[in-house]
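An overview of the molecular structure
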Amino acid sequence: MSGFSFQIDGVEVTAKPGQTIMEAADEVGIYIPRLCDHEGLRHQGGCRVCTVKAGGRSVAACTQPAAPDLVVENETPHINKLRRDLVGMLFNEGNHLCPICEASGNCELQAMAYRLGMTEPTKFPYLEPCRPVDASHPDIALDNNRCISCGRCVRASQDVDGKGIFGYVGRGIHRHIAANGPDLRHTDAEVTDFAISAEVCPVGCIIRKREGFARPIGERDYDDHLIGYDIEKKRDE
Amino acid sequence: MSDLPKARIATASLAGCFGCHMALLDIDERLIELMKLVEFDRSPLTDIKRFTRRCDIGIIEGGCCNEENVHVLQDFRRNCDILVGIGQCAIMGGLPAMRNAIMHSDEPLRECLEEAYIKGPFTQNKTQIIPNDPALPLLLDKVYPCSEVVEIDYQIPGCAPTGDVIYEALAGLLSGRFQGFEREHIRFD
Ligand code: SF4
Ligand code: SF4
Ligand code: SF4
Ligand code: FES
């Protein structure tokens, strides 16, 4: 089967067999919000921020294959509200003090909240869990208060670095990311690992020491552009 | 325009740093236009301590860290048609809320006070007593966002919010046409 076409928000999109809805959308400059999916990493389909309606059903655009003549809804008020609630719950579930966070301005979770217009009073209580900080490693710190369990570090370490430094432990609401050892110092994590690089952790959980607040306000990733800008600008080209 | 009755605004700073009140000045010269439309009732800006009459808009900086904050917030809810939380402290507790969870303790408040008044490496407190004068408002177990204490109608994000979002919100509310913020203007820091 060669290329076929389908629709996203009324726009005709061409896709190759095997491409996900999100991959096909990216290529033509249609941004579908995402947090757990990252270019170069295997898809996980965990955060559901990429939820779209395909043929009337809610699916994760990062894992759902595109199909001929599929009709996809992406940027509708209803879907964006669902996404806003999902993102809001990620804030409620951890401890996100943006004013003191070194990821502020470069953080994908925060930028997603901006893009989705998350300014209404919270509908849910802040859970304020007690989560430890692991600063044992000489070059790396983990501030679990900000972890959204996206699993990007897990996949990056396993599949790209070939190390398996991070993994999930616990169940249900207690499920969280942990280092594969008593602490990060006792793993073979290095600051040069892909898993530790700035692009992998979408929030301020994986911290490279002595690097914080290096870029001043005004020069950070999302000071001038909404998240998704790099994909959406392809449409104008 | 000058014939219209001016909108009456009240403001309060609860568990905040007063930065959000200072940020009102970041509206710059647009403040002059705005001031033609409003007058202030109870506010640290006027030093009026009690409501003199019902207000159109109440603006709250800071969350609730003690019982006095709760009483003031409830008083604002009773006396204002529209209640607006300004800044991350009012919205989600902000910096004071660091005492809620980050202390890794089952009794974060006790640990916070002991660190401040007894155990801290730079503490000089000969009496070794945590201040407990009846005149001091009783601290709450944790710091609460305003929306967990009373109903909040709108929130102006930021720490401190920029002049642009404050203006957007106030101009919109005064004209009765506030539709939310430009996405590009939203900041949580
Ligand atoms: S990780 Fe992102 S959302 Fe969380 S506190 Fe830091 S900047 Fe804010
Ligand atoms: S540490 Fe970062 S990359 Fe890993 S799961 Fe948590 S948020 Fe995702
Ligand atoms: S939000 Fe920021 S500027 Fe406003 S009171 Fe809190 S700490 Fe101060
Ligand atoms: S980006 Fe698709 S589920 Fe997270």
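About the criteria used
- Residues numbered from 1 in each chain as written.
- Chains lettered and ligands numbered in written order.
- Predicted model: local features only at pLDDT ≥ 70, side-chain atom pairs only at ≥ 80, totals over all residues.
- Helix = DSSP H or I, 4+ residues; strand = E, 2+ residues; numbered from the N terminus.
- Rg over C-alpha atoms; globule rule 2.2 N^0.38 Å.
- Buried ≥ 20, exposed ≤ 12 C-beta atoms within 10 Å, placed from the backbone.
- Contact = placed C-beta atoms within 7 Å.
- Near = placed C-beta within 6 Å.
- Nonpolar A, V, L, I, M, F, W, Y, C, P; charged D, E, K, R; others polar.
- Pairing = 2+ DSSP bridges.
- Axes fitted to C-alpha atoms, helices over the stretch in contact; angles between N-to-C directions.
- pLDDT = per-residue confidence, 0-100.
- Domains from an automatic or database assignment.
- Core = buried A, V, L, I, M, F, W, Y, C linked by C-beta atoms within 7 Å.

What about the overall build of chain A?
When helices and strands are tallied, chain A shows five helices and 10 strands. Its C-alpha atoms give chain A a radius of gyration of 18 Å, near enough to 18 Å, the size a compact globule of 237 residues would have. By residue count, 41% of the 237 residues in chain A fall in the buried class. Sequence separation of at least 24 residues holds for 66% of the intrachain contacts in chain A that already meet a minimum separation of 6.

Regarding the site of ligand 2
Neighbouring ligand 2 are 14 residues; A:Cys147, A:Cys150, A:Cys153, A:Cys201 and A:Cys205 lie closest to it. Here the residues of the shell around ligand 2 are counted per class, giving 11 nonpolar, two polar and one charged.

Points about the interface of chain B and chain A
Contacts between the two partners involve 23 residues from chain B, matched on the other side by 23 residues from chain A. Looking at the side of chain B that touches chain A, the elements that each hand over two or more residues are helix 4 (87-92) and helix 5 (98-101) of chain B. By residue number, the principal contributor to the side of chain B that touches chain A is helix 5 of chain B, which donates three residues. Of the residues contributing to the side of chain B that touches chain A, the split by class is 12 nonpolar, seven polar and four charged.

What about the pairing of strand 2 (residues 11-15) of chain A?
Pairing of strand 1 (residues 4-8) of chain A with strand 2 of chain A involves five bridges; the strand directions are antiparallel. Bridged to A:Gln7 within strand 2 of chain A is A:Glu12.

Concerning the sheet that holds strand 7 (residues 140-143) of chain A
All names here are of chain A. With respect to topology, three strands assemble into an open sheet ordered 6-7-10, the strand pairing being antiparallel. Each edge of the open sheet carries a strand with a single partner, namely strand 6 (133-134) and strand 10 (206-208). Relative to strand 10, strand 7 runs antiparallel, the two being bridged by three bridges. Paired with leucine 142 across the two strands is isoleucine 206, which belongs to strand 10.

Re the sheet that holds strand 2 of chain A
Residue and element names in this part refer to chain A. What the five strands build is an open sheet, ordered 2-1-5-3-4; its pairing is mixed. Only two strands of the sheet have a single partner each, and these edge strands are strand 2 and strand 4 (57-60). Averaged over all adjacent pairs, the angle separating strand axes in this sheet is 35°, with direction ignored. Across the sheet, helix 1 (residues 21-28) lies against strand 1, strand 2, strand 3 (51-54) and strand 5 (71-73), angled at about 110° from strand 2, the strand it touches most. In the packing of helix 2 (residues 77-93) onto the sheet, contacts are made with strand 3 and strand 5, and the angle to strand 3 comes to roughly 150°.

With respect to the site of ligand 1
The environment of ligand 1 is made up of A:His96, A:Leu97, A:Cys98, A:Cys101, A:Ala103, A:Ser104, A:Cys107, A:Leu109, A:Gln110, A:Arg146, A:Val203 and A:Gly204. By residue class, the composition of the shell around ligand 1 is seven nonpolar, four polar and one charged.

Some details on the confidence of the model for chain B
Within chain B, residue pLDDT values average 94, and 97% of them lie at 70 or more. Scored as a complex, the prediction yields pTM 0.95 and ipTM 0.92.

Some points on the pairing of strand 3 (residues 55-61) of chain B
Residue and element names in this part refer to chain B. In terms of residue burial, strand 3 counts as a mostly covered element, since six of its seven residues are buried. Relative to strand 3, strand 1 (residues 7-13) is paired through five bridges, and the arrangement is parallel. Counted as the bridge partner of alanine 12 is isoleucine 60 from strand 3.

Side note on the domain arrangement of chain A
Residue and element names in this part refer to chain A. Taken domain by domain, chain A comprises domain 1 (4-75) and domain 2 (83-208). The straight-line distance from the C-alpha centre of domain 1 to that of domain 2 is 25 Å. For the side of domain 1 that touches domain 2, the residue count by class is six nonpolar, four polar and two charged.

Examining helix 4 (residues 152-160) of chain A
All names here are of chain A. Three or more residues of helix 4 are buried, namely Arg152, Cys153, Val154, Arg155, Ala156 and Ser157. The inward-facing, buried residues of helix 4 abut strand 8 (166-169), strand 9 (176-179) and strand 10. Glycine 162, located one to two residues past helix 4, shows a positive phi value of around 65°.

Notes on the nonpolar core
Membership of the largest hydrophobic core comes to 108 residues, with the highest contact counts inside it found for A:Ala61 and B:Ile60. Looking at which domains feed residues into this core, each of domain 1 (4-75) and domain 2 (83-208) of chain A gives three or more.

Some words on the environment of A:Cys107
All names here are of chain A. Looking at the element boundaries, cysteine 107 is found in the loop between helix 2 and helix 3 (108-115). Cysteine 107 gets classed as buried once you count the C-beta atoms within 10 Å, which come to 27. Sequence separation of cysteine 107 and cysteine 201 is 94 residues, and the distance between their C-alpha atoms is 8.8 Å.

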